[in-house]
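One letter stands for each residue in the lines below.
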Amino acid sequence: GPVVELVDVVRRYAGGSGTPALAGVTVAFAAGTFNAVMGPSGSGKSTLLQCAAGLDRPDGGQVRLAGQELGTLREPKLTQARRRRVGFVFQSYNLMESLSVWQNVLLPQRLAGTRPDRAWAREVLHRVGLAGREDDRPGQLSGGQRQRVALARALAARPEVIFADEPTGALDLGAGREVLALLREAVDDLRTAVVMVTHDPAAAAWADRVVFLADGRVVSELAQPTVETVA
Ligand code: ADP
Ligand code: ADP
């Protein structure tokens, strides 16, 4: 089955006006697929990611992560499921500035209490073009390099799905393309599912599929032929 599955998910924020942030969303994301989520500001894209990742609890419907219904899990188990299965990449990188690249990449595994897989972490840093930069602090790196550290950090934990919220939003065109090519590689080589919120049609063009949201609903979907990865 799919890695992530939302069935009729409803999310209403307390004090929110009439329309819920998610008004009955049904969508599934499969292993080895690159999915873009687009829609106007306020259409529910971030809420969709938060609910799919188990960071927010819906008011109705079901979210399944690797077949596990998240609504049935209490807090420590929910966090455990998220740490085992989910990687995150944010627009603003969210790196720990006081830690080295290497320590940032190993941090999720340390927090999860799993034994860090150092050989894989080294391989992942090589994949993202940062071999040799392990001892740098994020402050010594460009935006594109920082985002590649964030991607390495996500990949190092071997997630089944990576949620990326505007991963190229703060990057110039070239750096953005490098990050998109690496997400594409994670999908094609590692069979990771990627769910990427973006405003940028050029970024969405790297996805296999674009899901459009409006007013908390999926209003259309577009399947796309896979792009050639041009380095
Ligand atoms: P998008 O990511 O597409 O911009 P969001 O998921 O952030 O949309 O927001 C969807 C709707 O939910 C918006 O109307 C927004 O104002 C509302 N919303 C989002 N987060 C909160 C929150 N924490 N509290 C109250 N309302 C929120
Ligand atoms: P600990 O988990 O005990 O804090 P470290 O992560 O500091 O241990 O180092 C343990 C091993 O991790 C080292 O022997 C080395 O193989 C690898 N390692 C540590 N730091 C780096 C680095 N900057 N670059 C590449 N490999 C590293």
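Scope of this entry: the structure provided in the associated data block. (Residues numbered from 1 in each chain as written. Chains lettered and ligands numbered in written order. Predicted model: local features only at pLDDT ≥ 70, side-chain atom pairs only at ≥ 80, totals over all residues. Heavy atoms only, no water.)

**Quick notes on the overall build of the protein**
Part 1 of the reasoning: Tallying secondary structure elements over the protein gives 7 helices and 10 strands in all.
Part 2 of the reasoning: Here the C-alpha atoms of the protein give a radius of gyration of 17 Å, agreeing with the 17 Å that 2.2 N^0.38 yields for 231 residues.
Part 3 of the reasoning: Residues classed as buried in the protein amount to 49% of the 231 residues present.
Part 4 of the reasoning: Long-range contacts, defined as pairs at least 24 residues apart, comprise 66% of the intrachain contacts of the protein with a sequence gap of at least 6.
Part 5 of the reasoning: Averaging the locations of the 27 positively and 25 negatively charged side chains of the protein gives two centres separated by 7 Å. (Helix = DSSP H or I, 4+ residues; strand = E, 2+ residues; numbered from the N terminus. Rg over C-alpha atoms; globule rule 2.2 N^0.38 Å. Buried < 20%, exposed > 50% of the residue type's maximum accessible area, 1.4 Å probe, protein only. Contact = heavy atoms within 4.5 Å. Lys, Arg positive; Asp, Glu negative; His and termini not counted. Charge placed at Lys NZ, Arg CZ, Asp CG, Glu CD.)

**Quick notes on the sheet that holds strand β10 (residues 217-223)**
Part 1 of the reasoning: A sheet is described by the order of its strands in space; here 6 strands give the open sequence β6-β7-β8-β3-β9-β10, paired in mixed fashion. Every interior strand has two partners, whereas the edge strands, β6 (86-90) and β10, have only one. When strand polarity is set aside, the average angle formed by the axes of neighbouring strands in this sheet is 20°.
Part 2 of the reasoning: Pairing geometry for strand β3 (residues 34-38) and strand β9 (residues 209-214), over 4 bridges, is parallel. Its bridge partner being in β9, A36 is matched across the sheet by V210. (Pairing = 2+ DSSP bridges. Axes fitted to C-alpha atoms, helices over the stretch in contact; angles between N-to-C directions.)

**Considering the packing of aromatic side chains**
Part 1 of the reasoning: Scanning all chains against the criterion turns up 2 aromatic pairs.
Part 2 of the reasoning: On the basis of an interplanar angle of 10° and a centroid distance of 5.8 Å, the ring pair of F88 and F90 is categorised as stacked.
Part 3 of the reasoning: You can call F88 buried: its relative accessible area is 19%.
Part 4 of the reasoning: The side chain of R158 reaches across the aromatic face of W120, ending 4.4 Å from its centre. (Phe/Tyr/Trp six-rings, centres within 6.5 Å; stacked < 30°, edge-to-face > 60°. Lys NZ or Arg CZ within 6 Å of the ring centre and 35° of its normal.)

Taken by themselves, the reported measurements are silent on function.
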